[in-house]
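The primary structure of each chain is shown beneath.
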Amino acid sequence: MATVPSNYVFNHTMLRVKNHEDSLKFYQDVLGMKLIMKTDMPAGKFTLYFLAYVDEVPESEEEKKKLAFGMPGVLELTHNWGTENDADFSYANGNKEPGRGFGHIAVLVDDLHKACERFEELNVTFVKRLQDGTMRHIAFIADPDGYWVEIIQNPKYSDKNAAV
């Protein structure tokens, strides 16, 4: 049986999170993603949360699963139970030692400047503001675990702030 790599689709990225409540609030309330499905794994003592940009989330678990594993651009958050109770615990975000490697995820926004203004109003942590450095067409914010999220203009909505 043959397989056709051009039919492959990048489905999701997984990030481990210390406190699922803080992370869900960030990705839902700050970045506007919707929780598609949640799966508890009692044997492994962890929970998986799948989020994406969708208009609506199906009601049935079967349809939620089809959505989560049938579209590109899904974010999987993995919460290992108990990490939120350890004040000294943290995950390597990939942008500092130890654990340098992973860089960031990226989100397209409809208006780059207005989105950054909104993040400021929400007291989001900025790694790089638009006015910082020479690359003034991108910003980076940090989630509660310090993972970087690149914020870039979606040229579909406006090219006035699009990357050069």
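Residues numbered from 1 in each chain as written. Predicted model: local features only at pLDDT ≥ 70, side-chain atom pairs only at ≥ 80, totals over all residues. Heavy atoms only, no water.

A. Main features of the sheet that holds strand 5 (residues 104–109). The 4 strands are arranged 5-8-7-6 in an open sheet whose pairing can be described as mixed. Two strands close off the open sheet at either side, each with one partner strand: strand 5 and strand 6 (125–128). Across the sheet, the mean angle separating the axes of adjacent strands is 35 degrees when strand polarity is ignored. Each of strand 5, strand 6, strand 7 (138–142) and strand 8 (148–153) is contacted by helix 3 (residues 112–121), which is oriented at about 145 degrees to strand 8, the strand it contacts most. (Pairing = 2+ DSSP bridges. Helix = DSSP H or I, 4+ residues; strand = E, 2+ residues; numbered from the N terminus. Axes fitted to C-alpha atoms, helices over the stretch in contact; angles between N-to-C directions. Contact = heavy atoms within 4.5 Å.)

B. Focus on the environment of G146. Checked against the element boundaries, G146 lands in the loop between strand 7 and strand 8. Measuring from C-alpha to C-alpha, the distance between G146 and P58 comes to 31 Å, with 88 residues separating the pair along the chain.

C. Inspection of the environment of V57 at higher detail. Of note, V57 is situated in the loop between strand 3 (46–52) and helix 2 (61–68). Sequence separation between V57 and K34 is 23 residues, and the spatial gap between their C-alpha atoms is 7.6 Å. Leaving out residues up to four positions away in the same chain, V57 has contacts with K34, L35, I36 and K64.

Taken by themselves, the reported measurements are silent on function.
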